[in-house]
Amino acid sequence: MKNATPIRIAMIGGGSWATALVKILSENNVTIRWWLRNEVDAAHIKRFNRNKSYLSDVQINPRKVKVTTKIREAIRDADYVILAVPAAFVSDALLGLTPAHFTGKLVVSAIKGMIPNINQLVTDWVEAKFAVPKDHISCIAGPCHAEEVALEKQSYLTIASTGAACAEAVSALLTCRFVKASPINDLYGVEYCAVMKNIIALACGITHGLGYGDNFQAVLVSNATQEIRRFVDTLFPVARDLSQSAYLGDLLVTCYSPFSRNRTFGNLIGRGYTIQSAQMEMNMIAEGYYAVRSIYAINEPHQVPMPIVSAVYRILYEGASPGAEMNALKREMR
Ligand SMILES: NC(=O)C1=CN([C@@H]2O[C@H](COP(=O)(O)OP(=O)(O)OC[C@H]3O[C@@H](n4cnc5c(N)ncnc54)[C@H](OP(=O)(O)O)[C@@H]3O)[C@@H](O)[C@H]2O)C=CC1
Ligand SMILES: O=C(CO)COP(=O)(O)O
């Protein structure tokens with residue numbers, strides 16, 4: 001980017017994805033106020049220019065990045081506010097902020113989850129809670145694990161927004177030596193698919209943990225693409241090509257990559273861990289755990305056939321046996 005004046009970013013979140021996004025953005029002409037809730041991690045970054053808890057190999061550029069644990073300080077003067085905490089915690093992270101704090105800012109959701117209990121997409125929640133115009137809100141999608149960004153592996157992102165200018169601007173911000181970001185206007189389709197793929201990856205992990213092989217998983221993922229299509233086409237019927245990387249690519253990388261938090265979580269469940277012990281074993285958040293409850297509830301009035309989502313829901317929230325649920329799916333799939 002060749003702007004003389006750096007673009008001012010507020011990065012909200014101290015986990016793996018926030019750290020990876022800080023690395024990507026720092027390749028461009030930006031300044032970043034980076035909010036973390038954790039004082040110890042913030043102090044460590046200030047001192048050593050590394051996030052000791054997540055992607056600790058990533059070198060933070062202190063000329064561009066200033067860390068803070070004060071949310072108002074982070075977003076003051078920002079042109080863009082990027083939300084990169086798990087959906088369940090975004091409300092806590094933004095506690096005390098009002099619509100006035102967001103006036104004139106573009107808000108970017110890097111979150112692939114839903115606000116629990118109210119079962120809302122993050123971009124809808126931002127619009128309703130902070131009165132940000134919809135065409136000033138975007139979401140970051142695409143197959144992109146933070147761990148590969150840390151290694152500067154070539155990656156692709158898709159920026160979805162109903163505002164074409166907003167999607168273009170955020171794509172430019174996130175394009176760098178090793179990332180290409182492209183705009184798209186199917187905000188709801190992209191956001192719902194990003195949520196759904198986490199649930200499917202969790203299912204893949206469960207089957208892996210139970211001892212099923214690649215043959216079964218390929219059929220599971222194929223059936224999942226049909227399930228996702230039925231769901232998004234029922235809720236938001238617009239012309240969309242679900243084979244694009246924002247949809248299919250993200251489903252594939254999450255289902256197959258050993259970096260996936262959702263797959264890893266599912267794998268532990270398939271191996272017999274309780275939910276609590278699986279959560280303790282992982283130091284990271286699997287969004288699919290929360291999302292499956294929201295998607296299940298959203299689907300109630302629609303009754304779209306979603307056997308995989310339903311199986312994961314029963315396993316995680318109704319104490320159903322992973323083995324029995326996958327046995328039932330085994331008979332249903334083709
Ligand atoms: N990781 C990835 O490759 C990608 C992630 N995403 C999405 O990015 C979002 C963030 O995920 P990710 O960075 O991976 O998450 P991580 O599991 O790496 O980090 C979790 C973050 O949430 C914070 N947190 C945990 N509990 C709370 C709480 N009660 N209140 C406030 N904050 C809390 C943690 O803070 P602390 O360390 O202080 O506990 C930490 O900053 C998710 O929606 C995910 O789907 C999207 C694309 C890629
Ligand atoms: O969305 C992701 C990759 O595109 C990250 O998925 P996980 O949260 O399962 O690691």
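Definitions and cut-offs
- Residues numbered from 1 in each chain as written.
- Chains lettered and ligands numbered in written order.
- Predicted model: local features only at pLDDT ≥ 70, side-chain atom pairs only at ≥ 80, totals over all residues.
- Heavy atoms only, no water.
- Core = buried A, V, L, I, M, F, W, Y, C linked by side-chain atoms within 4.5 Å.
- Buried < 20%, exposed > 50% of the residue type's maximum accessible area, 1.4 Å probe, protein only.
- Helix = DSSP H or I, 4+ residues; strand = E, 2+ residues; numbered from the N terminus.
- Near = heavy atom within 4 Å.
- Polar contact = N/O pair within 3.5 Å; in protein donor to acceptor, adjacent residues only side chain to side chain.
- 1 Å grid on protein atoms, 1.4 Å probe; cavity = no way out; pocket = protein on both sides within 12 Å on 5 of 7 lines; lining within 4 Å.
- Sits in = over half its atoms within 2 Å of the grid points.
- Areas by Shrake-Rupley, 256 points an atom, 1.4 Å probe, with all protein chains shown as cover.
- Phe/Tyr/Trp six-rings, centres within 6.5 Å; stacked < 30°, edge-to-face > 60°.
- UniProt positions renumbered as here; feature names shortened; annotations may be inferred.
- Axes fitted to C-alpha atoms, helices over the stretch in contact; angles between N-to-C directions.
- Left-handed = near helix turned anticlockwise from the far one by under 90°.
- Contact = heavy atoms within 4.5 Å.
- Nonpolar A, V, L, I, M, F, W, Y, C, P; charged D, E, K, R; others polar.
- Pairing = 2+ DSSP bridges.
- Points joined across faces, edges and corners; volume = space filled by probe spheres on them.

So, the nonpolar core
Now for step 1: Grouped together as the largest cluster of nonpolar side chains are 56 residues, with contacts concentrated most on V190, Y192, F231, F265, I295 and L316.
Now for step 2: Contributions of two or more residues to this core are made by strand 8 (137-141), helix 8 (187-210), helix 9 (214-235), helix 10 (245-256), helix 11 (261-270), helix 13 (287-299), helix 14 (307-317) and helix 15 (322-332).
Now for step 3: When residues of this core are assigned to their parent elements, the largest contribution, 13 residues, is made by helix 8.
Now for step 4: By size, the runner-up hydrophobic cluster in this structure holds 41 residues, among which are W17, I140, C176 and A181.

Comments concerning the site of ligand 1
Now for step 1: The environment of ligand 1 is made up of 21 residues, and the closest members are S16, R37, Y54, A146 and E287.
Now for step 2: A distance of 3.0 Å separates an oxygen atom of ligand 1 from a polar backbone atom of K112.
Now for step 3: In this structure, ligand 1 is accommodated by the largest pocket.

Here we look at the site of ligand 2
Now for step 1: Every one of the 13 residues lining ligand 2 counts as a neighbour, but K197, D250, S260, R261 and N262 are closest to it.
Now for step 2: Here an oxygen atom of ligand 2 sits 3.2 Å away from a polar atom, N or O, in the side chain of H145.
Now for step 3: Taken by itself ligand 2 offers 310 Å² of open surface, and the protein chains cover 91% of this.
Now for step 4: Spatially, ligand 2 is embedded in the largest pocket.
Now for step 5: Elements represented by at least two residues in the shell around ligand 2 include exactly helix 10 and helix 11.

Quick word on helix 1 (residues 16-25)
Structural remark: α-helix, 3.6 residues per turn; residues separated by three or four positions point the same way.
Now for step 1: Within helix 1, 10 of the 10 residues are buried, leaving the element largely enclosed by the surrounding structure.
Now for step 2: Every buried residue of helix 1 is listed here: S16, W17, A18, T19, A20, L21, V22, K23, I24 and L25.

With respect to the packing of aromatic side chains
Now for step 1: This structure, assessed with the given rule, holds 11 aromatic pairs.
Now for step 2: Judged by centre distance (5.2 Å) and plane angle (75°), the rings of Y289 and Y290 are edge-to-face.

Notes on the UniProt feature "domain: Glycerol-3-phosphate dehydrogenase NAD-dependent C-terminal" (unreviewed entry) in the chain
Now for step 1: UniProt records the feature "domain: Glycerol-3-phosphate dehydrogenase NAD-dependent C-terminal" (unreviewed entry) at residues 186-324, using the numbering of this structure.
Now for step 2: When the span residues 186-324 is considered, its composition is 73% helix and 0% strand, and the gap between its end C-alpha atoms is 37 Å.

As for the packing of helix 9 against helix 10
Now for step 1: The interhelical angle for the contact between helix 9 and helix 10, taken along N-to-C directions, is 145°, at an axis separation of 11 Å. Between helix 9 and helix 10 the crossing geometry is right-handed. Together, Q217, A218, V221, T225 and I228 of helix 9 and L248, L251, L252, C255 and Y256 of helix 10 make up the contact between the two elements.
Now for step 2: Counted by class, the contact of helix 9 with helix 10 contains eight nonpolar, two polar and no charged residues.

Let's talk about the sheet that holds strand 4 (residues 80-83)
Now for step 1: Read from one edge of the open sheet, eight strands run 3-2-1-4-5-8-9-10, paired in mixed fashion. Among the strands making up the open sheet, the edge pair consists of strand 3 (65-68) and strand 10 (179-184). Strand-to-strand twist across the sheet, computed as the mean angle between neighbouring axes with direction ignored, equals 25°.
Now for step 2: Sheet topology places strand 8 next to strand 9 (residues 155-160); three bridges connect them, and they run antiparallel.

Examining the UniProt feature "domain: Glycerol-3-phosphate dehydrogenase NAD-dependent N-terminal" (unreviewed entry) in the chain
Now for step 1: Look at the UniProt record and you will see "domain: Glycerol-3-phosphate dehydrogenase NAD-dependent N-terminal" (unreviewed entry) annotated at residues 9-164.
Now for step 2: Here residues 9-164 runs as 30% helix and 24% strand, with 20 Å between its end C-alpha atoms.

Observations regarding the side chain of D124
Now for step 1: For D124, the position within the fold is in helix 5 (residues 122-130).
Now for step 2: A distance of 2.6 Å separates the side chain of D124 from the side chain of Y188, its partner in a polar contact.
Now for step 3: If we ignore the near neighbours within four places in the chain, the residues touching D124 are K134 and Y188.

Regarding the layout of surface pockets
Now for step 1: Considering only enclosed or pocket space, the largest pocket measures out at about 940 Å³ in volume.
Now for step 2: What lines the largest pocket is a set of 37 residues, and nearest its centre among them are G15, A84, V85, P86 and I285.
Now for step 3: Put simply, the parts of the chain that give the lining of the largest pocket at least two residues each are helix 1, helix 4 (87-93), helix 8, helix 10 and helix 11.

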